[in-house]
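# Commentary on secondary and tertiary structure
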Amino acid sequence: MKKSALEQLRENERQNRANHILNAAKTVFIKKGYQNATVRDIASKAELTTGAIYAYFKNKDTMYGEICKQVFLDLTEHLETASNDKSGTMLDRLRRLYMAYITYHEENSDNTSLLEINYQNLKIDKTLSKELTYLLNRIMTLSTLIITDGIKNGDLPETVNSDEYALTLWGTVEGILYLNYYGTIDHFKFKVKNIVNNFLDSFVGNSNKV
């Protein structure tokens, strides 16, 4: 049944208020970290009472989970744009994907810093947890699809497990980004993109020779 103009207005107002709270929560989480942030901090930033916050969100974890979902959606869109270009070899396509991933980290460090908490440890409802898992799997699938095409095209042996191969790549890149976050890469005066490019050249570039 079609909503009345008044019902639509109220729904829009509620969504706007929820977005306002999430924006305040995101600012607080970035500034204080997930562990140190409180609902009272978020209410203060949003200029609302804690009661008003709980009218929209069950707890701090739910707000954090919703913000993670926004980041996952933004990151997925960014990576899908890079992966839509199917020209070149498997190595070319993987390079574009991972360079886009690193660029996102460099240009959106506040967003990616929020993903350090494992959402599976949050006290959130099953629906939100499933949404986060789905988005994370979508990100992983982008790499798997490229690798699957690479196997079909002879860039990799048919015996290669595409999921396992993709996990190895993502895990390595994540490890490099982790070291960069804590200053290890800067200490050696290395560039993250150079390290990842060299890794892809050696690991992926030589895989078809196995």
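Residues numbered from 1 in each chain as written. Predicted model: local features only at pLDDT ≥ 70, side-chain atom pairs only at ≥ 80, totals over all residues. Heavy atoms only, no water.

### Some remarks on the pattern of salt bridges
Between side chains of opposite charge, pairing is possible as soon as their charged atoms come close. All chains considered together, the criterion is met by eight salt bridges. With its nearest N and O atoms 3.1 Å apart, the salt bridge here joins arginine 93 to aspartate 149. Of the two residues, arginine 93 is situated in helix H5 (residues 90–107) and aspartate 149 in helix H7 (residues 126–152); the sequence distance between them amounts to 56 residues. We classify aspartate 149 as partly exposed; its relative accessible area is 24%. Across the pair glutamate 106 and lysine 193 runs a salt bridge, and its minimum N-O distance is 3.9 Å. Separated by 87 residues along the polypeptide, glutamate 106 in helix H5 and lysine 193 in helix H10 (residues 192–203) bring together distant segments of the chain. Lysine 193 gets classed as partly exposed once you look at its relative accessible area, which sits at 28%. One continuous salt-bridge network, built from bridges that share partners, spans Glu66, Lys69 and Glu131. (Salt bridge = Lys/Arg side-chain N within 4 Å of Asp/Glu carboxyl O. Helix = DSSP H or I, 4+ residues; strand = E, 2+ residues; numbered from the N terminus. Buried < 20%, exposed > 50% of the residue type's maximum accessible area, 1.4 Å probe, protein only.)

### Focus on the packing of H5 against helix H8 (residues 162–181)
For any two helices packed against each other, the geometry is given by the interaxial angle and the distance between the axes. Between H5 and H8, the least distance of the axes is 12 Å, while the angle of their chain directions is 30 degrees. Between H5 and H8, the angle falls in the class roughly parallel. As H5 packs across H8, the resulting crossing turns out to be right-handed. Residues Leu94, Leu97, Tyr98, Tyr101, Ile102 and His105 of H5 touch H8, and the partners they reach there are Ala166, Leu169, Trp170, Val173, Glu174 and Leu177. Its residues assigned to classes, the contact of H5 with H8 shows 10 nonpolar, one polar and one charged. (Axes fitted to C-alpha atoms, helices over the stretch in contact; angles between N-to-C directions. Parallel < 35°, antiparallel > 145°, perpendicular 65-115°, else oblique. Left-handed = near helix turned anticlockwise from the far one by under 90°. Contact = heavy atoms within 4.5 Å. Nonpolar A, V, L, I, M, F, W, Y, C, P; charged D, E, K, R; others polar.)

### Some remarks on the nonpolar core
Judged by nonpolar contacts, the single largest core of 58 residues is most densely connected at Phe29, Met63, Leu79, Leu169 and Val196. Elements with a contribution of two residues or more to this core: helix H1 (5–32), helix H2 (39–46), helix H4 (60–83), H5, H7, H8 and H10. Looking at which element gives the most residues to this core, the answer is H5, with 10 residues. (Core = buried A, V, L, I, M, F, W, Y, C linked by side-chain atoms within 4.5 Å.)

### Remarks on the packing of H1 against H2
Taken N-terminus to C-terminus, the directions of H1 and H2 make an angle of 120 degrees; their axes are 8 Å apart at the nearest point. Regarding the angle of H1 to H2, the classification is oblique. Considering how the two elements wind past one another, H1 and H2 form a crossing that is right-handed. On H2, the residues that touch His20, Ile21, Ala24, Ala25, Thr27, Val28, Phe29 and Lys32 of H1 are Asp41, Ile42, Lys45 and Ala46.

### Let's talk about the environment of tyrosine 34
Secondary-structure assignment places tyrosine 34 in the loop between H1 and H2. Between the C-alpha atoms of tyrosine 34 and glutamate 131, which are 97 residues apart in sequence, the distance is 20 Å. In contact with tyrosine 34, other than residues within four places in its own chain, are Phe29, Lys60, Asp61, Tyr64, Ile117 and Leu122.

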